[in-house]
Amino acid sequence: MVLSLFFGREVPISLLPDIPIPKISIQVSASEKTARVIENTITRPLRNQLLQLHHLEDLHSSSRNGSAYIDLTLRHGTDTDLSFIEANEKVDQAMSFLPRNIDRPRVIKSNISDIPVFYLAILPKNEANEDLRQLSEFTEKVIKRRLEQEEEIAFADLHGLEYPEVIVFPNQNLLQSLGINEEELASAISNSNIDVGNVIIRDGQYQYNVELSNKIEKIDDLKNVYVSIQNQIYQLKQLANIVVRPKDKRSAYTFEGKEGIIMSVRKKDDANNFSLKTKMDTLLADFKLSYPDLNFKVINDQSEVLEISYQNLRTSLLYGILFSSIILFFFFREWRLPLLIIITVPLGLLLALGGFYLLGLSINIISISGLILGVGLMIDNAIIIIDNIRQEQNKLALNEAITVGTKDVLKPLLSSAMTTCSVFLPLILISGIAGALFYDQAISISITLIASLLVSAVVLPVLARILMKDKNPSEKKGIWDKGHHKAVVFFLKNRFLLLVIFLILSALGIFLISQINRTAFPELSTDELEVSIDWNENIGIEESIIRVNQLRAYLSDDILWLSAIIGEKQFILTAEESSINESQLLIKSKSSEEALSLVESITAYLSQQFPKADSKSFRKKNTFDYLFSTDEYPLISYAYPSQSSELPDPEEIQPLVDDIKTVIPEFEVPPVDEFLNLTIRLDILEEYGVSYDALLSKLKTIFNANAITEMRSSDRMIPIVIGHSMEKEDFYDAIHKTLIQNKNGNNIPLGQFISVQKRRDYKSIKGTLAGEALEIPSINYREGLEDDLRKQITKDGDFFVSFGGSIYQTRKIISQLWRILLIVFILLYLILAAQFESLVQPILVLVDVPLSLFGGMLFLWIGGETLNLVSMVGLIITAGIIVNDAILKLDMINKNTRSGQSVDEAIIHASGRRLRPIVMTSITTILAFLPVLFSSGIGAEIQKPLALTVIGGLVVGTLSSLIFLPVLYRIFNPKRVILHKSTKT
């Protein structure tokens, strides 16, 4: 126990078990290219190359203006490290097919630790300190570094940073009078910013490193750059205005309308979550004290889930000990017996934690749920042994009663432990992440059961000898015993009536299964709402900020705060890119009920004020949402062109959209972007003798994007850009007013060489394993929806279709759980057949399970919950507990028949002997789960489907073990003995 106490303190604590996520993402950055160009020249070649990846199960890509991503889903059990290496090799092979001017796509391997533990918003307190460039530099150099110095933190990612750039605005009139152009000015700046490197010079036996450089490190260095014009020297500041200003904003972060920086913080794999939270609280308090001009706000703290689960473990432990102690005292009227529970259960838990340490498991929300269930079974074992010792004490001395009473139930308890393990271990056969998560739960329950058996067999008898009295007062049979005896006798005489009841309840159970909705995971309420907005207009960051602030003003007092990630995400580690005219909002309401009403309010406001905007509102994601993608549409259809690798243009695809709208009325043409298509007229360029490169340079200058070199400032490189005008100017005016020199020195208007056309194309282009596709999401699913969509999409032969969505994942998991339930039945049968040395008696035990499942489904239906992963686990748990009760009773009946009793006498005697432990263990478990039904919060919502199925299953299953099992035993026993009224319990 001392070792277990020591090792238990060393067990790591984390939010989730360290499991490999079979997903790899490819991220592409091409800021100057449209979605169509990226899809045709980058995403499609990458996608075709990645199709050859081993163990690839699914692929989804999205190309959008300036970026693209490809998500690869691998088969469960794949070595993600090897797949990560292979994916990098495929990207390298594809590079020869990609444009040469793009950066190499990034390959990112998904990991549990990629889910941010929390977000930290950093904001100026007052307007006088709203220098975003200064705040950006301070956050990068101070806050980020201090966070990453903590041993638990792996990485702090940033968004909302503002970067400076130096723009040189030439005096065009002066340059024309001097007879030079921007190219000569740019050449002079570049020649003044040269770093050749080191040269070794020998001087006899000595050698020296000589650094040859001419660097621009300050604005004054740039202003003093010399330019030679017609044998006269000028300084750059005489020829141009030089301005330091923020780069054109493509991203921003606001909290309650105030711009700032937001950090996503990720922890190390082996970090202790509670230790991280403690240190972060201390560090934030220090930040607030050291930097009084700044506000620090923690957002979306995922560690709350672990803290709630840890509280649930403590609550379950306390409730279990409390209720079992009360029940022991209620049944036996002895205050010493509850002390046995109070002492043995914590000892068993400590032993289990020692097992965690030896097997390298962590304490997380999955293993904690296993510990909670294990504690319940641990209490059951203790109650059974204590009750058996008490009953043996009626005819034996205390020492002998302890020995016989413990030995008498040890074999059925061992068999019960094996059956319980056989119930949970098959859960690891569930495919995907769910199976990997259940590994921790199955192992934690198995460890706790082993610890329980050790404590029950070794420690509990010793403590019983110390605490129990030598003489046990005779106990009178109460109303429970008399009522149970009458019920058993009645149904033994009316066996077929009980069979009819069994068939009716079984049919009702099947009916309830068809009536209950199915989901992958229980829906959790939250007072925080995520809103994703695509404005579908060519607006800048400033306009997006204004619109978000207008939405905040509209919501007014209905919410507590609003946090907005606007534009392109600057986070290095991000699952999905966003465009400049998109906004991701996190809104905290006053309650979870008000959060639901906010969805309609936000949708109505956006549709009225900004009719082009597309919005999607959903509750704040928690860790399970990231893992199971619970925000995915129930059904997603993909329409692929049959005759081409590209989708038709937005105008040409309208007939297909009209056909789809007959099935899904709310479906619309995918969002489109309107952009300018500039065509350079090469024939006129040649005619006037204008260089193509000079024309491109002039165009970049008009856009203030003609970067020529960089200035090193401290540890940052600041771009130096040749700009066109300090004043905002209409694009069409700019290209017609701007002049360009030809090879003869003549100035010609730029507009003569360029034709400008407006074009519309898809804002985002989706792709799957089968290629480019039109994505058709369905919010509301119904049976036959796939057939209706297939009929409309394929009727002209121009498209073929495939289907995906959460409904298929849910069906897959539920189907696997039913198959696992069948495997559980087979394992239980084999274990019971080995124990009872009979092929018939295991059937008697297993027939109790359908009745317990009916009870679980009935309570689930009454409680308004869905059939999901958690409720299915509850059904499996209930089956294990009911089987354990049946094993105890059947074992006692067999012992009685072997001792010479008739079948009916053996049944009556065993029923009375095992009544109390079965009832006590069931009541204890029910009372331990009962507080969950009246609790609130995410922890209670996760456990509520589990609690309902266990409580309902135990209510019906316990009655089945007490009454139905004896009747079945009597039916399958060919020997008939008439019941006498003198038969006593």
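From a predicted model like this one, the values you see are computed outputs, not experimental measurements.

Trainee: Help me get a handle on the packing of aromatic side chains, residues and values and all.
Mentor: Within this structure, the stated rule accounts for eleven aromatic pairs. Seen in terms of ring centroids, Y554 and Y605 are 4.4 Å apart; in terms of plane orientation they differ by 25°. Their pairing is stacked. Residue Y554 is found in helix α17 (residues 541-555), and its partner Y605 is found in helix α18 (residues 592-609); the two are separated by 51 residues along the sequence. For Y605, a relative accessible area of 8% corresponds to the buried category. Ring centres 4.9 Å apart and planes at 20° place the aromatic pair Y640 and F800 in the stacked group.

Trainee: Outline the side chain of T406, supporting the account with residue identities and numerical values.
Mentor: Mapped onto the fold, T406 is located in helix α13 (residues 398-424). A distance of 2.7 Å separates a polar side-chain atom of T406 from the backbone oxygen of I402. In contact with T406, not counting residues within four places along its chain, are I385, I389, A401, S456 and P461.

Trainee: Go over the sheet that holds strand β16 (residues 294-299), please, and point to the residues and values.
Mentor: Pairing is antiparallel in the open sheet, where four strands are placed in the order β6-β15-β5-β16. With one partner strand each, in any of the chains shown, β6 (153-159) and β16 form the two edges of the open sheet. Taken over all neighbouring pairs, the strand axes of this sheet differ in orientation by 25° on average, direction set aside. Judged from the five bridges that link them, strand β5 (residues 118-124) and strand β15 (residues 261-267) form a sheet pairing that is antiparallel. Its bridge partner lying in β15, L120 is registered against M263. Those strands touched by helix α4 (residues 132-148) are β5, β6, β15 and β16, and its axis lies near 170° from that of β6.

Trainee: Describe the confidence of the model for the protein, and please don't skip the residues or the numbers.
Mentor: Chain-level statistics for the protein give a pLDDT mean of 81 and a share of 90% at 70 or above. This stretch, residues 976-985, has a pLDDT under 50; its non-local contacts, to residues over four places away or in other chains, come to 18 contacts.

Trainee: Just give me the short version of the pattern of salt bridges, but keep the residues and values in it.
Mentor: Enumeration over the complete set of coordinates arrives at 33 salt bridges. For K109, the salt bridge identified is with D81, shortest N-O distance 2.4 Å. Taken together, the residues span a long stretch of sequence, with K109 in strand β4 (residues 106-111) and D81 in helix α3 (residues 80-94) at a distance of 28 residues. With relative accessibility at 43%, the residue D81 sits in the partly exposed group. We note a salt bridge from K661 to E668, for which the minimum N-O separation is 3.3 Å. Residue class for K661 comes out partly exposed when judged on its relative accessible area of 28%.

Criteria and thresholds
Residues numbered from 1 in each chain as written. Predicted model: local features only at pLDDT ≥ 70, side-chain atom pairs only at ≥ 80, totals over all residues. Heavy atoms only, no water. Phe/Tyr/Trp six-rings, centres within 6.5 Å; stacked < 30°, edge-to-face > 60°. Helix = DSSP H or I, 4+ residues; strand = E, 2+ residues; numbered from the N terminus. Buried < 20%, exposed > 50% of the residue type's maximum accessible area, 1.4 Å probe, protein only. Polar contact = N/O pair within 3.5 Å; in protein donor to acceptor, adjacent residues only side chain to side chain. Contact = heavy atoms within 4.5 Å. Pairing = 2+ DSSP bridges. Axes fitted to C-alpha atoms, helices over the stretch in contact; angles between N-to-C directions. pLDDT = per-residue confidence, 0-100. Salt bridge = Lys/Arg side-chain N within 4 Å of Asp/Glu carboxyl O.

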